Amino acid sequence: MRRVQVAIVGAGPAGLLLAHLLRRAGVEAVVLEARSRAYLETSPHRIRAGVLEWGTKEIALRAGVGERMLQEGLEHRGVYLAFHGEALHLDFLALSGKTIWVYGQQYLVRDMIRHHLEAGGEILFEHEVVGLEGLEEAPVLLYRTPEGREGRLASEFVVGADGSHSLARQHLPGARVQQKTYPFAWLGILAETPPAAEELIYASHPRGFALFSMRSPTLSRNYLQVRPDEKLEAWPEERIWEELNWRLEGVAEVKPGPLLEKSLTPMRSLVVEPMQYGRFFLVGDAAHVVPPTGAKGMNLAFCDVAVLCRALLAYYQEGDSSLLNRYTQDALRHVWQAELFSYWMTTLLHTLEDPFEEALRQAKLRHLRESPHLQRFLAENYVGLYTSGRYADTLLHV
Ligand code: PHB
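This structure is a prediction, so every number in the text was calculated from the model and none was measured.

Thresholds applied
- Counting restarts for each chain: residues are numbered from 1 in the order of the written sequence.
- Two thresholds apply to this predicted model, a pLDDT of at least 70 for residue-level local features and 80 or more for giving and counting side-chain atom pairs, whereas whole-chain, interface and lining totals are computed over all residues.
- To get the side-chain values, take all heavy atoms of the structure and skip hydrogens and water.
- Only DSSP runs of H or I covering at least 4 residues are called helices, and only runs of E covering at least 2 are called strands; the numbering of each starts at the N terminus.
- Here the globule rule is a power law, 2.2 Å times the number of residues to the power 0.38, and the radius of gyration is based on C-alpha atoms.
- Here's how the labels work: a residue is buried when its accessible area is under 20% of the maximum for its type, exposed when over 50%, partly exposed in between, all with a 1.4 Å probe on protein chains only.
- Any pair of residues with heavy atoms lying within 4.5 Å of one another is described as a contacting pair.
- The charged-residue count follows a simple rule in which Lys and Arg add positive charge and Asp and Glu add negative charge, with His and chain termini not counted at all.
- For charged residues, the charge sits on one atom: NZ in Lys, CZ in Arg, CG in Asp, CD in Glu.
- Think of it this way: DSSP has to see at least two bridges between two strands before they count as a pair.
- Axis definition: a line fitted to C-alpha atoms, limited for helices to the stretch in contact. Angles are taken between N-to-C directions and run from 0 to 180 degrees.
- We call two directions roughly parallel when the angle between them is under 35 degrees, roughly antiparallel when it is over 145, roughly perpendicular when it lies between 65 and 115, and oblique otherwise.
- Left-handed describes a crossing whose near helix is turned anticlockwise from the far helix by less than a right angle; the clockwise case is right-handed.
- Under the scheme applied here, ten amino acids are nonpolar (Ala, Val, Leu, Ile, Met, Phe, Trp, Tyr, Cys and Pro), four are charged (Asp, Glu, Lys and Arg), and all others, including Gly, are polar.
- Lining residues are those with an atom within 4 Å of a point, where the points come from a 1 Å grid over the protein atoms alone and group into cavities, where a 1.4 Å probe fits but cannot get out, or pockets, open sets with protein on both sides within 12 Å along at least five of seven lines.
- Grid points are joined across faces, edges and corners, and a volume is the space filled by probe spheres set on the points.

With that settled, the discussion passes to the overall build of the protein chain. Each helix and strand counted, the protein chain has 13 helices and 19 strands in total. Rg of the C-alpha trace for the protein chain: 21 Å, near the compact-globule value of 21 Å for 398 residues, within the 12% margin. Taken over the C-alpha atoms alone, the protein chain extends approximately 65 × 45 × 40 Å along its principal axes. Every one of the 398 residues in the protein chain was classed for burial, and the buried ones make up 58%. Within the protein chain, contacts between residues at least 6 apart in sequence are counted, and of these 71% link residues at least 24 apart. In the protein chain, 42 positive and 49 negative side-chain charges are present, and the distance between their average locations comes to 2 Å.

Right under this line is the structure:
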């Protein structure tokens, strides 16, 4: 049976970044990914969020995978919040000293695959992991090859980076899952039309929340709050554009353009504790899920990887396991901060059914317009709280 130092399940942002950082430091990592390379790079179903925190951009650059992001991504110095018929501009640079980058997650995945393979890294596409054994002391992954054969891979460590529907997560003995579902979903579209504004607009309207984002100056990515059991068929194109413009009333206008994609995203929050067992660790969505309102998903995955990578390198380079032992403890700080912020943004911006909750929400919105402190709270969380201050060393060592 083949044996490697680190086996990684899943070639999403978390798995790829970890593999790349480990390889650069001379640690042998193999990534097993159930889907094909073409699917990861081009399938429309994979179009995910597109906002990179200041620190995520830094990590990508330091890892050597960010040069295309610098060329093609859009640097934004803030976002708009539209409510009560007016837009409030939050200038992140003025409020927090940092900016954000708009660049699709899928594009970064494509860039990381290319860099990793060019550097001689190994990604086994279309290799589906079907079992995880010996996680306490001597891990073995069982997988199926594209030809349908079964294989086994032994490793010193296993990292589960297989996303929100993680199989790896189910193999973590003693894991507690804390979760919350929200009584709404997002209907998302990708369309060939210029974005509603030069920066993102988060719009809270009595008809529901809407988000106006983008992938480029000619490609819009927009979302509508809909009921959780909503059917896509109920939303022909004209209805989507009409509803988007309703919710943008008095602030801006979007022009209809050809739709490239249309999808529904359920909204939930989830945290798995602990994030480790023996020689097995979870990173990214496999360990936690956030609703997309705070744009935290991929950023959080990068934070986990930075913390785990440092711990693995301390083990391999100095024989020190103490950081590995406290991985969960260290990671949960940024995880719960992002959970808090995502929950806060979600409940601030979506129309709520309960009249009392809805009245509180309106009070929160008025408070936000008046309070520089609250605006700063939003800004520092949005650009990434943990890449500033005392915690930064843990993340920006890469
Ligand atoms: C996106 O561009 O897809 C996007 C941006 C911000 C969010 C969520 C999604 O909060």
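It is worth spelling out the sheet that holds strand β6 (residues 86-91) at this point. Here eight strands make up an open sheet; going across it, the order is β6-β5-β13-β14-β15-β12-β16-β19 and the pairing mixed. Every other strand in the sheet has two partners, leaving β6 and β19 (288-289) as the edge strands with one partner each. As defined by bridge partners, strand β13 (residues 201-205) adjoins strand β14 (residues 208-216) across five bridges and the pair is classed as antiparallel. Bridge assignment links His205 to a residue of β14, and that residue is Gly208. With respect to the sheet, helix α12 (residues 372-383) is in contact with β5 (78-83), β6 and β13, its orientation differing from that of β6 by roughly 60°.

Turning our eyes to something else, we now look at the packing of helix α1 (residues 13-24) against helix α6 (residues 105-118). It is the contact of α1 with α6, at a shortest axis distance of 10 Å, that shows an interaxial angle of 30°. One finds that α1 runs roughly parallel with respect to α6. Considering the relative orientation of α1 and α6, their crossing is left-handed. Contacts between α1 and α6 involve Pro13, Leu16, Leu17, Ala19, His20 and Arg23 from the first element and Gln105, Val109, Met112, Ile113, His115 and His116 from the second. Across the contact of α1 with α6, the residue classes tally to seven nonpolar, four polar and one charged.

Let us now look at helix α3 (residues 54-62). The element α3 is largely enclosed, with a buried count of seven among its nine residues. What α3 keeps buried is the set Trp54, Gly55, Thr56, Lys57, Glu58, Ile59 and Ala60. Phi for Gly64, located one or two positions after α3, is positive at around 80°.

What follows is about empty space enclosed by the protein. Scanning all chains against the criterion turns up two cavities of 30 Å³ or more. Considered as a void within the structure, the largest cavity measures approximately 110 Å³ in volume. Lining the largest cavity, in full, are Glu53, Lys296, Asn299, Leu300, Cys303, His334, Gln337, Ala338, Asn381, Gly384, Leu385 and Tyr386. Elements that contribute at least two residues to the lining of the largest cavity include exactly α8 (297-318) and α10 (327-349). Partitioning the lining of the largest cavity into residue classes produces five nonpolar, five polar and two charged. As for the second largest cavity, its lining consists of Ala49, Gly50, Val51, Gln105, Ala295, Gly297, Met298 and Asn299.

Nothing here speaks to function; it is all geometry.
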